[in-house]
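So the chains spell out like this:
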Amino acid sequence: MAILVTGGAGYIGSHTLIELYKAGLESVVYDNLSNASKESLKRVAQIIGQEITFVEGDIRNKEQLRELFSNYSIDGVIHFAGLKAVAESVQKPLEYYDNNVVGTLRLLEVMGEFDCKSIIFSSSATVYGEPNKMPIREEFPTGNGITNPYGRSKYMIEEILKDLSKSDSSWKIVILRYFNPIGAHESGLIGEDPNGIPNNLMPYISQVAIGKLNELQVFGDDYPTVDGTGVRDYIHVVDLANAHVKALEYLQKQTVMPEPLIVNVGRGQGYSVLELIRAFEKVSGVKVPYRIVGRREGDVAISYADATLAKKKLDWVARYDIEKMCADSWNWQKKNPNGYETS
Ligand SMILES: NC(=O)c1ccc[n+]([C@@H]2O[C@H](COP(=O)([O-])OP(=O)(O)OC[C@H]3O[C@@H](n4cnc5c(N)ncnc54)[C@H](O)[C@@H]3O)[C@@H](O)[C@H]2O)c1
């Protein structure tokens with residue numbers, strides 16, 4: 001029996017393959033390589049000393065999915081596949097809804113056909129919109145004030161999963177709402193490899209540090225936060241990967257689930273942009289030039305998780321602090337200045 005990992009060649013997926021291996025679980029990766037290359041899987045194989053089973057395909061293609069489920073005995077699915085660039089989703093809403101929402105529908109339909117009814121879904125803290133209280137708890141309302149199609153696609157999929165669960169309690173579903181994954185595997189062999197100019201802060205910082213970009217733009221220093229810059233809950237990608245193994249263990253113990261288990265995956269602690277820059281400079285010994293510019297549309301001032309439910313339900317806690325996250329991001333960047341292209 002194996003775990004199907006959709007989007008397993010990507011940033012979070014590739015790190016999760018290592019945690020699955022460490023937990024003694026077989027995995028099958030299904031990815032259309034739209035935002036990844038097979039190199040990440042070769043590197044994972046190098047780390048674990050074992051080949052990764054890979055099938056190239058798209059989650060929107062039911063025939064390909066049927067073939068996949070016919071060829072492998074799939075016990076459960078970790079569903080990472082999706083598009084994730086917030087700004088791009090505003091430009092290309094239909095592409096995002098098609099890929100993320102329609103793709104998930106097709107996947108769920110085929111899972112149902114093959115009576116494979118366990119799934120862990122990669123959701124995001126963006127589903128909370130702009131909550132007026134911190135820390136963010138799972139029962140806070142979702143769906144209001146989401147500023148982009150990417151976030152709305154995650155919200156829609158969550159609603160679909162809740163309806164599915166209501167219709168048939170033999171579906172076992174965990175929805176993980178990620179906060180801000182950064183960092184890399186400590187080998188420096190795998191990490192986040194954005195296409196072009198990074199959308200996220202940490203890859204931006206590390207590309208400025210390595211000299212690929214001149215300076216970091218900090219969007220707004222007039223937020224009601226410790227130093228005026230935006231505050232986020234950063235989580236080491238290896239900790240996040242490990243949360244998936246814990247979620248699988250949880251699913252294995254359930255016989256029926258009347259509703260999905262929805263869990264925040266964050267550290268429960270917020271860091272401002274300037275605090276993250278300082279932590280990075282401290283561990284790397286490299287200065288990161290930055291310039292304050294205006295606020296970016298759609299950004300919230302503060303977002304950090306209440307992470308107690310993850311501990312209670314999944315027996316999961318984050319192990320790595322902000323310095324380890326910065327050190328591992330920098331290690332990956334230094335060893336791979338051009339991402340996976342270097343080899
Ligand atoms: N990285 C973050 O900050 C973050 C935060 C919250 C949620 N998430 C979610 O976690 C998941 C994984 O994120 P990531 O950072 O690893 O992204 P990623 O882009 O590195 O990985 C996603 C993978 O899915 C593949 N993919 C995309 N569309 C596909 C399709 N139609 N069929 C098959 N494969 C497809 C891509 O090629 C890529 O390898 C995504 O669903 C993302 O929305 C990410």
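Residues numbered from 1 in each chain as written. Predicted model: local features only at pLDDT ≥ 70, side-chain atom pairs only at ≥ 80, totals over all residues. Heavy atoms only, no water.

## Considerations on the pairing of strand E2 (residues 26-31)
At step 1: Among the six residues that make up E2, five are buried, leaving the element largely enclosed by the rest of the structure.
At step 2: One ladder, built from five bridges, connects strand E1 (residues 2-6) with E2; its direction is parallel. Note that in E2 the partner of Val-5 across the bridge is Val-29.
At step 3: Once you follow E1 into helix H1 (residues 11-22) and on to E2, the crossover reads as right-handed.
At step 4: Relative to strand E3 (residues 53-56), E2 is paired through four bridges, and the arrangement is parallel. Residue pairing for E3: Val-29 is matched across the bridge by Phe-54.
At step 5: Each parallel crossover has a hand, and the one from E2 via helix H2 (residues 38-48) to E3 is right-handed. (Buried < 20%, exposed > 50% of the residue type's maximum accessible area, 1.4 Å probe, protein only. Helix = DSSP H or I, 4+ residues; strand = E, 2+ residues; numbered from the N terminus. Pairing = 2+ DSSP bridges. Right-handed = clockwise from strand over helix to strand, strands pointing away.)

## Details of the site of the ligand
At step 1: Neighbouring the ligand are 27 residues; Asp-31, Asn-35, Phe-80, Lys-84 and Tyr-150 lie closest to it.
At step 2: At 2.8 Å from an oxygen atom of the ligand is found a main-chain nitrogen or oxygen belonging to Ile-12.
At step 3: At the level of secondary structure, the elements contributing two or more residues to the shell around the ligand comprise H1, strand E5 (118-124) and helix H6 (149-167).
At step 4: In terms of residue count, the dominant contributor to the shell around the ligand is E5 (three residues).
At step 5: When the residues that make up the shell around the ligand are grouped by side-chain class, the tally is 11 nonpolar, 11 polar and five charged. (Near = heavy atom within 4 Å. Polar contact = N/O pair within 3.5 Å; in protein donor to acceptor, adjacent residues only side chain to side chain. Nonpolar A, V, L, I, M, F, W, Y, C, P; charged D, E, K, R; others polar.)

## Side note on the packing of aromatic side chains
At step 1: One pass over the full model with this rule turns up three aromatic pairs.
At step 2: Directly above the ring of Tyr-223 sits Arg-295, whose terminal nitrogen or CZ lies 4.0 Å from the centroid.
At step 3: Across from the ring centre of Tyr-320, 5.5 Å away, lies the NZ or CZ of Lys-324, which sits over that ring. (Phe/Tyr/Trp six-rings, centres within 6.5 Å; stacked < 30°, edge-to-face > 60°. Lys NZ or Arg CZ within 6 Å of the ring centre and 35° of its normal.)

## Focus: H2
Residues lying three or four places apart along an α-helix face the same way, a consequence of the helix completing one turn every 3.6 residues.
At step 1: Three or more residues of H2 are buried, namely Glu-39, Ser-40, Leu-41, Arg-43, Val-44, Ala-45 and Ile-48.
At step 2: If you follow the buried residues of H2, they end up packed against H1, E2, E3 and helix H11 (322-335).
At step 3: Count one or two residues on from H2 and you reach Gly-49, which has phi positive near 70°. (Contact = heavy atoms within 4.5 Å.)

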